[in-house]
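# Remarks on the overall topology
The lines below spell out each chain.
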Amino acid sequence: MSVNHNLRDAVSLTSEVTHHVARLRRYALVLTRDMTAAEDLVQETLLKAISKADSWQPGTDLRPWLFRIMHNTFVSDLRRAKTRSDAAPDLPDPVVPDHQQTQLELKQVLDALHQLPEAQRKPIILIALREMSYAEAARALDVPLGTFMSRLGRGREALRRIMSGVSKSKLAVLNNKEKSS
Amino acid sequence: MTDNKQFDPELEADTELMAYVDGTLPPDRMNAVEARLAADPAARAATSAWRHHDNLIRQMGQSADGQPVNLRTAALERELVAKLRARKRRAMMFSPVLGQVAAAVFLFAAGWGAHAMITEMRGPASYPQFVNAAIAEHTAYRQANLLQASFTSDEMDRAVEWMSEQMQRKISSPKLEQYGYQVQSARLLNTEEGPLGIFYFLDAEGQTITLAVKPHDDSVPDYRFRIVDVNNERLAYWNDEGLDYSLLANVTTAMMTTLAAAVSP
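The structure displayed is predicted, hence computed values, not measured ones.

### Looking at the overall build of chain A
From N to C terminus, chain A includes 7 helices and 0 strands. Out of the 181 residues belonging to chain A, those deemed buried represent 46%. Across chain A, the fraction of contacts at a sequence separation of at least 24, relative to all contacts at a separation of at least 6, is 65%. Carbon and sulfur atoms make up 53% of the accessible area of chain A, which amounts to about 8900 Å² in all.

See the structure below:
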């Protein structure tokens, strides 16, 4: 323990938290599909992290701890939304990047993703964002690694099936248009 | 290709293909997996789709990076850093394994023997002597910046009144005269964890005692009275009635206990 060590430690903690918040924001955006809702989710997560700071074990990775708080916050928000309305909450139209070629496909993937069970959706997003290893992501979701891998695999294939159906219906629409013209 | 072939149920349990897509496949398996993909259209279709969907999802996530800074989020981020930093310090202070280190950390706050302690803790061979001197100077400079008030021996009533007000706790003037120690001075530091009061005592033979007092953090459990050896000195620390105490002296364990009892009767 030295003063220099303490100063270095303080700087690295600040930079670590900044990086994690950027990661949380990316994850929140895919979860909520809306930038304002994503920022709200990040802020709510940070508020909870502040109040639970004593539950973090120094020396352990902050990332799974923060993501776990975000998962729980997001799930609580969904439950509250469901309580307010018998119907499932309407998903907002996703905010997508301005690339014309991918915009439609991205919307379709996000729509398909939100048809999946929560347990399969989160592993897909965490791994797609390249924010964590399999083991870290499993810890963040509080599930054994085997369960995580199983959910990731099932989720990816389920997403592929849904997207395959979307592609076929797009093709059918195009074929019908060609026949009628 | 039929759908049944395209969606082979075994694919969803194929962790090797997933590792290939996610870039975590061990290099020694790469050739084998690529050979398999070349010969297996279903596996090729699956990995291609997984990767494509991942790319789209990642692209969506990365669009958050270009957003303007949200001031409230930035403020919460700073608050979290401060909380986590305090958490790290507390964990160090109250870890049984690091009891001796914890004592030393408290002594740092008291400004006692920084030079000697750093040498002790880092080991004499960790860096040259002149670096120790620089660190000691840096510590002294930082302590000076934390100093909120200092009091001479004839200002003790004012000192305890001031400290009580700053700590929102009743601080009593430590009475160690009956054991031959006269108070020399007192200081109040404004540390990141809150106010820290320090009293310096001296006996007729020039032996010193340093007593540090701070409000107990309610989120931290109480800890029992302990005496540890630090750098050939005795350090006692405990908490009582909402206050944390640290007492440093070169005396026997029995005398240390007596002095501690006199500080917080």
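### Remarks on the overall build of chain B
Helix and strand counts for chain B come out as 10 helices and 7 strands. Within chain B, the proportion of its 265 residues that are buried is 45%. Considering only residue pairs separated by 6 or more positions, chain B has 51% of its internal contacts joining residues 24 or more positions apart. Of the roughly 13800 Å² of accessible surface on chain B, a fraction of 52% belongs to carbon and sulfur atoms.

### Quick word on the packing of helix 5 (residues 118-128) of chain A against helix 4 (residues 41-62) of chain B
Running from N to C, helix 5 of chain A and helix 4 of chain B cross one another at 75°; their axes reach a closest spacing of 8 Å. In terms of orientation, helix 5 of chain A and helix 4 of chain B fall into the roughly perpendicular class. Counted together, A:Ile124, A:Ile125 and A:Ala128 of helix 5 of chain A and B:Asp54, B:Ile57 and B:Arg58 of helix 4 of chain B form the full contact between these two elements. Its residues placed into classes, the contact of helix 5 of chain A with helix 4 of chain B shows 4 nonpolar, no polar and 2 charged.

### Here's the deal with the confidence of the model for chain A
Residue and element names in this part refer to chain A. Summing up the model confidence of chain A, the mean pLDDT is 79 and the portion of residues at 70 or higher is 71%. The secondary-structure element of chain A with the lowest mean pLDDT is helix 7 (residues 145-180), recorded at 75, while helix 2 (residues 35-51) shows the highest, at 94. Counted against residues more than four places away or in other chains, residues 1-5, with its pLDDT under 50, gives 14 contacts. Here residues 86-90 is a poorly scored stretch, pLDDT under 50, and it has 1 contact once near neighbours within four places are set aside; other chains count.

### Brief notes about the pattern of salt bridges
Going through the model one piece at a time under the given rule, you end up with 17 salt bridges over all chains. A:Lys107 serves as the salt-bridge partner of A:Asp111, at 3.0 Å between the closest nitrogen and oxygen. Of this pair, A:Asp111 and A:Lys107 both sit in helix 4 (residues 100-113), 4 residues apart, which is roughly one turn of the helix. Assessed through its relative accessible area of 27%, A:Asp111 is described here as partly exposed. According to the relative accessible area criterion, A:Lys107 is partly exposed, its value standing at 31%. Residue B:Asp54 is joined to A:Arg156 by a salt bridge in which the shortest nitrogen-to-oxygen separation is 2.7 Å. Of the two residues, B:Asp54 is situated in helix 4 and A:Arg156 in helix 7; the pairing between them involves two chains. Each of the salt bridges in this network shares a partner with another, and the network as a whole consists of A:Arg33, A:Lys107 and A:Asp111.

### Describing the side chain of B:Ser164
All names here are of chain B. Looking at where Ser164 falls in the secondary structure, it is placed in helix 9 (residues 156-167). Take Ser164: its relative accessible area is 15%, and that puts it in the buried class. A distance of 2.9 Å separates a polar atom in the side chain of Ser164 from the backbone nitrogen of Ile171. Apart from residues lying up to four places away in sequence, Ser164 is in contact with Arg169, Lys170 and Ile171.

### Notes on the packing of aromatic side chains
The final tally for this structure, using the stated rule, is 3 aromatic pairs over all chains. Taken together, the aromatic side chains of B:Phe225, B:Trp238 and B:Tyr245 make up a single cluster linked through ring pairs.

### A few points about the nonpolar core
Core analysis: the biggest nonpolar cluster contains 70 residues, and A:Leu113, A:Phe148 and B:Leu84 have the highest contact counts within it. Residue contributions to this core peak at 9 residues, all from helix 1 (residues 3-32) of chain A. Other than its neighbours up to four places away in sequence, A:Leu113 contacts A:Val30, A:Arg121, A:Ile124, A:Ile125, A:Leu159 and B:Ile57. Core analysis: the next-biggest nonpolar cluster, separate from the first, contains 30 residues, B:Met167, B:Phe201, B:Tyr245 and B:Ala249 among them.

### Topic: unusual backbone geometry
Residue and element names in this part refer to chain B. Here Gln168, not a glycine, exhibits a phi torsion of approximately 55°, which is positive. The exposure class assigned to Gln168 is exposed, which follows from its relative accessible area of 65%. With a phi close to 50°, Glu241 is a non-glycine residue in the positive phi region. Topologically, Glu241 is positioned in the loop between strand 6 (233-240) and strand 7 (243-249). Since its relative accessible area comes to 71%, Glu241 is described here as exposed.

### What about the environment of A:Ile162?
All names here are of chain A. Looking at where Ile162 falls in the secondary structure, it is placed in helix 7. For Ile162, a relative accessible area of 21% translates into the label partly exposed. The contact partners of Ile162, leaving out residues within four places of it in the chain, are Ala112, Gln115 and Leu116.

### Description of helix 9 of chain B
All names here are of chain B. Here helix 9 is 12 residues long and its end C-alpha atoms lie 16 Å apart, about the 16 Å a rise of 1.5 Å per residue gives. Listing the buried residues of helix 9 in full gives Met156, Ala159, Val160, Met163, Ser164 and Met167. Viewed end-on, helix 9 has its buried residues packed into an arc of 130°, placing them on one side of the element. Away from its buried face, by an angle of more than 90 degrees, helix 9 presents the exposed residues Asp157, Arg158 and Glu161. Just beyond helix 9, the residue with positive phi is Gln168, at close to 55°.

### Notes on the pairing of strand 4 (residues 208-215) of chain B
All names here are of chain B. Burial runs high along strand 4: 7 of the 8 residues are buried. The pairing of strand 3 (residues 194-202) with strand 4 spans 6 bridges and is classified as antiparallel. Bridging across to strand 4, Leu202 finds its partner in Thr208. In textbook terms, the turn of a hairpin is the stretch between consecutive antiparallel strands, and for strand 3 and strand 4 this stretch comprises 5 residues, one of which, Gly206, has a positive phi near 85°.

About the cut-offs
Residues numbered from 1 in each chain as written. Chains lettered and ligands numbered in written order. Predicted model: local features only at pLDDT ≥ 70, side-chain atom pairs only at ≥ 80, totals over all residues. Heavy atoms only, no water. Helix = DSSP H or I, 4+ residues; strand = E, 2+ residues; numbered from the N terminus. Buried < 20%, exposed > 50% of the residue type's maximum accessible area, 1.4 Å probe, protein only. Contact = heavy atoms within 4.5 Å. Areas by Shrake-Rupley, 256 points an atom, 1.4 Å probe, with all protein chains shown as cover. Axes fitted to C-alpha atoms, helices over the stretch in contact; angles between N-to-C directions. Parallel < 35°, antiparallel > 145°, perpendicular 65-115°, else oblique. Nonpolar A, V, L, I, M, F, W, Y, C, P; charged D, E, K, R; others polar. pLDDT = per-residue confidence, 0-100. Salt bridge = Lys/Arg side-chain N within 4 Å of Asp/Glu carboxyl O. Polar contact = N/O pair within 3.5 Å; in protein donor to acceptor, adjacent residues only side chain to side chain. Phe/Tyr/Trp six-rings, centres within 6.5 Å; stacked < 30°, edge-to-face > 60°. Core = buried A, V, L, I, M, F, W, Y, C linked by side-chain atoms within 4.5 Å. Expected span 1.5 Å × (residues − 1). Arc of directions from axis to C-beta. Pairing = 2+ DSSP bridges.

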